[in-house]
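Architecture at a glance
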Amino acid sequence: MAPTLFTPLKLGRHTLQHRVVLAPLTRFRSDEKAVVRPFVTEYYAQRATPGGLLVTEATFISPTAGSYPNAPGIYTQEQIAKWKEVTQAVHDKGGVIYLQLWHIGRASHSKFSPNGEQPVSASAIAIQGKNLWGDQQQVPRALEILDIKALVQDYRQAALNAVEAGFDGVEIHAANGYLLDQFINTSSNKRSDIYGGSIENRARFALEVVDAIADAIGPDRTAIRLSPWSGFQDMQDDTPYETWGYIVSQLQAHQPELAYVHFVEPRIDFRSEALPDTTDSLDPFRQIWKGPFISAGGYTIDPKLAFERSDKSGDLIAFGRAFIANPDIVERLRNGWPLNRYNRKTFYTPGAEGYTDYPVYQPEAQPEVPKPSL
Ligand SMILES: Cc1cc2nc3c(=O)[nH]c(=O)nc-3n(C[C@H](O)[C@H](O)[C@H](O)COP(=O)(O)O)c2cc1C
């Protein structure tokens, strides 16, 4: 019997042929106008498979969404035109591709904003320490309700732009300590209005974005990524099971047709090579959500967990670092072939090295290794 990982699944408007997913991975390979460069097309095309789902790197919804240098955007005609080349190349190989929508909130810095504005967030609380560029993180401005309403419209417009660029759908990035996650977590949200305090209020912004996008492009082209236990960028919540349980219950009740929900496993820290011990589990959320469920995190470190997980609960499995290093990971997993090791040093560098030059499996070039028992 085929492992569940290699069985078809209906997702949104497509029937996938397997459940191995490219996790969203920021690679900072766009140009200074946040337009993807030609080798970005090659990178995604290399990873496309018939009936396989790719989620793009996080992509800015507007010029004021954070603007890390060399990360892509989806708010100008030029950006849309170049993304079209990516989606076309993926579709030519029979693949399915979703764009991840990004606003980074307080993770940004005034030096990245068009007019030097202060970053924004739920509350005026800075991330501790420095960003990737060595700048001290700044105290953000707490968004006003009118700003939040305008941002919901920015997300909506970005989703429409994504469809114009040929994407099969969008994944709302509400994980890993970026803007929507900053509203969800108690550590970064101290508001006392309808966007703060209770779980219902902290979840409101993310759920409004889901509704606006589902309304604009259809729920079956809308998805969301969540990470209840990401400690990244000082995220912490007092009651993760209750908070994300509420969010998933709301999605199940009001948006049951969403293409998928995507959860990051509690065990993962993508900066580490180890799988930390934890008793936390996504199972309560799996039980609530009846549609396609993507699990990410740690499968790079132990790929056999991917087979176990999908056999157990039918999950799609997103690979991050292992998919960076193995453009043909789908065939490698299908055949039990060994994986290339990733090189962390080239995750964020500008060139082709460590991006489009990872080799596909060549039997004659490989030392004899026993096939892992999966
Ligand atoms: C270089 C790099 C860039 C990442 N960029 C994003 C991103 O843009 N959006 C996101 O949601 N997660 C991002 N992540 C997290 C991954 O999607 C994934 O959850 C994580 O790497 C764990 O999976 P793995 O153990 O298979 O690597 C990134 C991770 C890495 C290593």
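Basis of the calculations
Residues numbered from 1 in each chain as written. Predicted model: local features only at pLDDT ≥ 70, side-chain atom pairs only at ≥ 80, totals over all residues. Heavy atoms only, no water. Helix = DSSP H or I, 4+ residues; strand = E, 2+ residues; numbered from the N terminus. Rg over C-alpha atoms; globule rule 2.2 N^0.38 Å. Buried < 20%, exposed > 50% of the residue type's maximum accessible area, 1.4 Å probe, protein only. Contact = heavy atoms within 4.5 Å. Areas by Shrake-Rupley, 256 points an atom, 1.4 Å probe, with all protein chains shown as cover. Polar contact = N/O pair within 3.5 Å; in protein donor to acceptor, adjacent residues only side chain to side chain. Near = heavy atom within 4 Å. Nonpolar A, V, L, I, M, F, W, Y, C, P; charged D, E, K, R; others polar. Expected span 1.5 Å × (residues − 1). Bend = angle between axes of the 7 residues up to and from the residue. Pairing = 2+ DSSP bridges. Arc of directions from axis to C-beta.

Side note on the overall build of the protein
A count of helical and extended segments in the protein gives 10 helices and 12 strands. Whereas a compact globule of 374 residues would reach a radius of gyration of roughly 21 Å, the protein reaches 20 Å, a difference of no more than 12%. Across its three principal axes, the protein shows a C-alpha extent of roughly 60 × 45 × 40 Å. Relative to its 374 residues, the protein shows a buried fraction of 57%. Counting contacts in the protein only where the partners sit at least 6 residues apart, residues at least 24 apart contribute 70% of the total. Summing over all exposed atoms, the protein offers an accessible surface of approximately 14,900 Å²; the carbon and sulfur share of this is 52%.

Examining the side chain of asparagine 189
Within the fold, asparagine 189 resides in the loop between α4 (179-184) and α5 (199-217). A distance of 2.9 Å separates a polar side-chain atom of asparagine 189 from the backbone nitrogen of arginine 191. Among the polar contacts made by the side chain of asparagine 189, one reaches the main-chain carbonyl oxygen of tyrosine 195 at a distance of 2.8 Å. Not counting residues up to four positions away in its chain, the partners in contact with asparagine 189 are Ala122, Ser123, Gln182, Phe183, Tyr195, Gly196 and Arg202.

With respect to the site of the ligand
Near the ligand you find 19 residues, and of these Pro24, Thr26, Arg225, Thr300 and Arg321 are the closest. Between the ligand and alanine 58 there is a distance of 3.2 Å, counted from an oxygen atom to a backbone nitrogen or oxygen. Interatomic distance of 2.7 Å between a side-chain N/O atom of arginine 225 and an oxygen atom of the ligand. Protein burial of the ligand: of its 610 Å² of free accessible surface, 97% is covered by the chains. Along the lines of polarity and charge, the residues of the shell around the ligand split into nine nonpolar, eight polar and two charged.

Thoughts on α5
A rise of 1.5 Å per residue sets the reference length of α5, with its 19 residues, at 27 Å; its end C-alpha atoms lie 27 Å apart and thus fit the reference within 8%. Largest kink in α5: about 40°, centred on phenylalanine 205. All of the buried residues in α5 are Asn201, Arg202, Ala203, Phe205, Ala206, Leu207, Val209, Val210, Ala212, Ile213, Ala214 and Ile217. Packing partners of the buried residues in α5 comprise β5 (96-102), α3 (145-164), β8 (169-174), α4, β9 (222-226) and α6 (240-254). Taken from the residues just after α5, glycine 218 is the one with a positive phi, measuring 100°.

Quick word on the environment of lysine 82
Tracing the backbone shows lysine 82 in helix α2 (residues 77-92). Judged by its relative accessible area of 33%, lysine 82 is partly exposed. For the pair lysine 82 and glutamine 128, spaced 46 residues apart in sequence, the C-alpha to C-alpha distance is 36 Å. Once you skip the residues sitting within four places of it in the chain, lysine 82 turns out to touch Val35 and Val36.

A few points about the pairing of β9
Most of β9 is tucked away: five of the five residues are buried. Side chains of β9 alternate between two faces, with Thr222, Ile224 and Leu226 and Ala223 and Arg225 buried alike. Of the pairings in the sheet, the one linking β8 to β9 comprises five bridges and is parallel in character. Looking across to β9, one finds that isoleucine 172 is bridged to isoleucine 224.

What to know about helix α8 (residues 304-313)
The set of residues buried in α8 consists of Ala306, Phe307, Arg309 and Ser310. Projected down its long axis, α8 carries its buried residues within an arc of 170°, all on one side. Looking at the buried positions of α8, the neighbouring elements they touch are α7 (283-288), β11 (293-296), β12 (316-319) and α10 (329-335). Glycine 314 occupies a position one or two residues after α8 and carries a positive phi of about 75°.

Geometry only, nothing functional implied.
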